[in-house]
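As a plain string of letters, each chain reads:
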Amino acid sequence: MKSATREDQDPPGRVLVVEDDADTRCMLVAAIADEGYVAIPALDGRHALRTALAVEPSAIVLDLMLPGVDGEEFVRAYRRQSNADAPIVVVSARPDAEAVGKDLGARAVLPKPLDISEFIARLKETMRATRGASAA
């Protein structure tokens, strides 16, 4: 009988994908799922906030330019209303994305159009750091 390893026992990480562009959202969700994580799509900041509070994601992939509640407003509301503090990976075409991401405490900021392999590498790095911090 095979003994269970730590990998077998840990549930996969849940990644909230906050992206209003359907094509980009589908690409991100598929790439994240291909890596074995549970990808949870959100269409805008309001939807993302409700979802984040309900599922407590392991990480958040965030576009800054969203209709209604934008990415910055979402992060501030999420941090006010949640005891959790999931790490954030910003993906944005905003010219000031790097500065905004730094201000929000993002673990990574990637420009659009995305290099999907770089995105996956940064997400995996973020997820490993998150698991390491929660195990300590």
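These notes cover the structure that comes with them.

Criteria and thresholds
- Residues numbered from 1 in each chain as written.
- Predicted model: local features only at pLDDT ≥ 70, side-chain atom pairs only at ≥ 80, totals over all residues.
- Heavy atoms only, no water.
- Buried < 20%, exposed > 50% of the residue type's maximum accessible area, 1.4 Å probe, protein only.
- Helix = DSSP H or I, 4+ residues; strand = E, 2+ residues; numbered from the N terminus.
- Pairing = 2+ DSSP bridges.
- Right-handed = clockwise from strand over helix to strand, strands pointing away.
- Salt bridge = Lys/Arg side-chain N within 4 Å of Asp/Glu carboxyl O.
- Core = buried A, V, L, I, M, F, W, Y, C linked by side-chain atoms within 4.5 Å.
- Contact = heavy atoms within 4.5 Å.

## Here's the deal with the pairing of strand β4 (residues 88-92)
Across the five residues of β4, five count as buried, placing the element largely inside the fold. The side-chain alternation of β4 yields two buried faces, one formed by I88, V90 and S92 and the other by V89 and V91. Looking at chain direction, strand β3 (residues 59-62) and β4 are connected through three bridges and run parallel. Within β4, the position partnered with L62 by the bridge is V90. Handedness of the crossover is the feature at issue here: the chain leaves β3, passes through helix α4 (residues 71-81), returns alongside β4, and the resulting connection is right-handed. As judged from the four bridges shared by β4 and strand β5 (residues 108-111), these two strands associate in the parallel manner. Following the sheet pairing, V91 is matched in β5 by L110. Each parallel crossover has a hand, and for β4 linked through helix α5 (residues 97-104) to β5 it is right-handed.

## A closer look at the pattern of salt bridges
Per the counting criterion, the structure on display carries nine salt bridges. Note that E72 and R94 form a salt bridge whose closest N and O atoms lie 3.0 Å from each other. Here E72 is found in helix α4, whereas its partner R94 is found in the loop between β4 and α5, with 22 residues between them in sequence. Each of the two residues, E72 as well as R94, counts as buried. Residues D103 and R76 are paired through a salt bridge, measuring 2.9 Å at the closest nitrogen-oxygen approach. Of the two residues, D103 is situated in helix α5 and R76 in helix α4; the sequence distance between them amounts to 27 residues. Three or more residues joined by partner-sharing salt bridges are found here, namely E72, R76, R94, D96 and D103.

## Quick word on the nonpolar core
Grouped together as the largest cluster of nonpolar side chains are 24 residues, with contacts concentrated most on L16, V18, I60, L62 and F74. Top element by residues in this core is α4. It accounts for four residues. The residues touching V18, leaving out its near neighbours within four places in the chain, are A42, D44, A48, I60, V61, L62, D63 and L66. The next biggest cluster of nonpolar side chains, apart from the first, holds 18 residues, and it includes A31, A59, V89 and I120.

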